Amino acid sequence: MKSYRFDEIKARIHSNGLLRPLDVLLVGGTGTGKSSTLNALFGSTVAKVGVGVDPETQQIAAYQFHDYLRFHDSAGLGDGKAADQKHAKNITAELSRTINPEGTRNGFIDLTVVLLDGSSRDLGTAFKLLESVVLKSIAPERVIVAINQADMAMKGHHWNAQLRQPEAPLLDFLEKQAYSVQQRIKESTGLTISKPIYYSAQFHYNIPAFIDHIISHLPKERRAM
Ligand SMILES: Nc1nc2c(ncn2[C@@H]2O[C@H](COP(=O)(O)OP(=O)(O)OP(=O)(O)O)[C@@H](O)[C@H]2O)c(=O)[nH]1
Ligand SMILES: [Mg+2]
């Protein structure tokens with residue numbers, strides 16, 4: 001997985017004049033599976049996964065995929081009001097960070113991936129994060145929404161554990177969920193983001209699709225600030 005579509009990422013970064021590595025910020029409610037997602041993307045344990053309900057990741061940590069792609073894992077919101085304010089501030093600061101190559105001021109973060117927990121009925125925290133933090137600081141075409149825990153979306157029903165993929169009713173459910181998330185963002189912010197992808201970090205379902213989704217959203221230009 002580590003070299004998956006590497007050449008394409010490299011070519012796109014060069015042809016679009018982007019700064020390397022491309023920096024992708026992962027945000028989401030606590031326990032949505034940000035750290036698990038990094039481990040699934042890397043194909044090995046790079047980030048500490050939480051057990052139980054206590055938030056595990058407390059700061060923004062960087063994980064370099066290869067010379068051209070780097071991820072930043074952030075602390076999840078949904079961990080009490082004071083902590084949430086602090087984490088939201090950190091995310092805003094990270095999204096406001098600039099680098100100055102060749103005298104130009106560019107955003108450090110190129111893309112943001114907002115993770116939702118597909119097994120949860122309450123996506124309120126995630127939407128709030130998206131609306132009042134992320135989309136306030138970065139353009140919608142630089143925001144990807146991804147729905148994790150696809151295996152648990154219907155409380156685990158219709159998940160084929162042997163094949164590690166959803167059966168038809170679950171697939172249908174996930175498609176509808178992705179569509180409704182896109183609609184809800186549009187209604188509440190007026191902004192159109194592309195349809196979320198769904199996957200399972202735990203069972204490595206649709207991880208290549210996740211990477212493809214990132215590649216298809218590689219910025220066309222540097223993020224001017
Ligand atoms: N069933 C299922 N469980 C998952 C999946 N991804 C993560 N989990 C579980 O969800 C819990 C939280 O995962 P983490 O990866 O630590 O989540 P996080 O977003 O990094 O959490 P914080 O660092 O606390 O904000 C762990 O118990 C994981 O094993 C998934 O795709 N399916
Ligand atoms: Mg974490």
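Higher on the page you've got the structure.
Heads up: these notes are all about the structure in this document. (Residues numbered from 1 in each chain as written. Chains lettered and ligands numbered in written order. Predicted model: local features only at pLDDT ≥ 70, side-chain atom pairs only at ≥ 80, totals over all residues. Heavy atoms only, no water.)

1. Quick notes on unusual backbone geometry
Link 1 in the chain: With an omega dihedral of 0°, the bond running from Arg20 to Pro21 counts as a cis peptide bond.
Link 2 in the chain: Backbone geometry places His158, a non-glycine residue, at a positive phi of 65°.
Link 3 in the chain: By the secondary structure assignment, His158 is in the loop between β7 (143-148) and β8 (159-160).
Link 4 in the chain: Here His158 falls in the partly exposed class, since its relative accessible area comes to 33%. (Helix = DSSP H or I, 4+ residues; strand = E, 2+ residues; numbered from the N terminus. Buried < 20%, exposed > 50% of the residue type's maximum accessible area, 1.4 Å probe, protein only.)

2. Things to note about the pattern of salt bridges
Link 1 in the chain: As enumerated under the stated definition, the model contains five salt bridges in all.
Link 2 in the chain: When the shortest N-O distance is used, the salt bridge between Asp23 and Arg70 registers 2.6 Å. Here the residue Asp23 occupies a position in strand β1 (residues 22-28), and Arg70 occupies one in strand β3 (residues 69-73), the gap between them amounting to 47 residues.
Link 3 in the chain: With a relative accessible area of 3%, Asp23 lands in the buried category.
Link 4 in the chain: Between Asp172 and Lys176 there is a salt bridge, with its nearest N and O atoms 2.9 Å apart. With Asp172 and Lys176 both in helix α5 (residues 168-189), this residue pair falls four residues apart, about one helical turn.
Link 5 in the chain: The class for Lys176 is exposed, based on a relative accessible area of 54%. (Salt bridge = Lys/Arg side-chain N within 4 Å of Asp/Glu carboxyl O.)

3. Details of the sheet that holds strand β2 (residues 61-66)
Link 1 in the chain: As summarised here, the arrangement of the six strands in space is β2-β3-β1-β6-β7-β10, forming an open sheet in which the pairing is mixed. With partners counted over all chains shown, the strands left at the sheet margins are β2 and β10 (197-198), one partner each.
Link 2 in the chain: Where β1 lies against strand β6 (residues 111-117), five bridges are found, and the strand directions are parallel. Looking across to β6, one finds that Val24 is bridged to Leu111.
Link 3 in the chain: Packed on one face of the sheet, helix α2 (residues 34-42) meets β1, β2, β3, β6 and β7 and runs near 160° to β3.
Link 4 in the chain: Each of β6, β7 and β10 touches α5; the most contacted strand, β7, lies at about 145° to it. (Pairing = 2+ DSSP bridges. Contact = heavy atoms within 4.5 Å. Axes fitted to C-alpha atoms, helices over the stretch in contact; angles between N-to-C directions.)

4. Considering the pairing of β2
Link 1 in the chain: Sheet topology places β2 next to β3; five bridges connect them, and they run antiparallel. Opposite Ala62, over in β3, you have His72 as the bridge partner.
Link 2 in the chain: A loop of two residues connects β2 with β3, the two strands running antiparallel in sequence.

5. Re the pairing of β7
Link 1 in the chain: In terms of burial, β7 is largely enclosed, as six of its six residues are buried.
Link 2 in the chain: Alignment of β6 against β7, held across six bridges, turns out to be parallel. When the bridges of β7 are listed, Val113 appears paired with Ile144.
Link 3 in the chain: In terms of strand pairing, β7 meets β10 through two bridges, oriented parallel.

6. Describing the packing of aromatic side chains
Link 1 in the chain: A complete count under the given rule lists five aromatic pairs for this structure.
Link 2 in the chain: On the numbers, 5.8 Å between centres and 40° between planes, the contact of Trp159 with Phe203 is tilted. Pair noted here: Trp159 is in strand β8 and Phe203 is in the loop between β10 and α6 (207-216), with a separation of 44 residues, a long-range link.
Link 3 in the chain: On the accessibility criterion, Trp159 (12% relative accessible area) is buried.
Link 4 in the chain: For Phe203, a relative accessible area of 24% gives the class partly exposed.
Link 5 in the chain: An aromatic cluster of at least three residues, connected via ring pairs, comprises Trp159, Phe203 and Tyr205.
Link 6 in the chain: Its guanidinium or amino end placed over the ring of Phe108, Arg97 lies 3.8 Å from that ring's centre, counting from NZ or CZ. (Phe/Tyr/Trp six-rings, centres within 6.5 Å; stacked < 30°, edge-to-face > 60°. Lys NZ or Arg CZ within 6 Å of the ring centre and 35° of its normal.)

Note that all results are geometric; they support no functional claim without further evidence.
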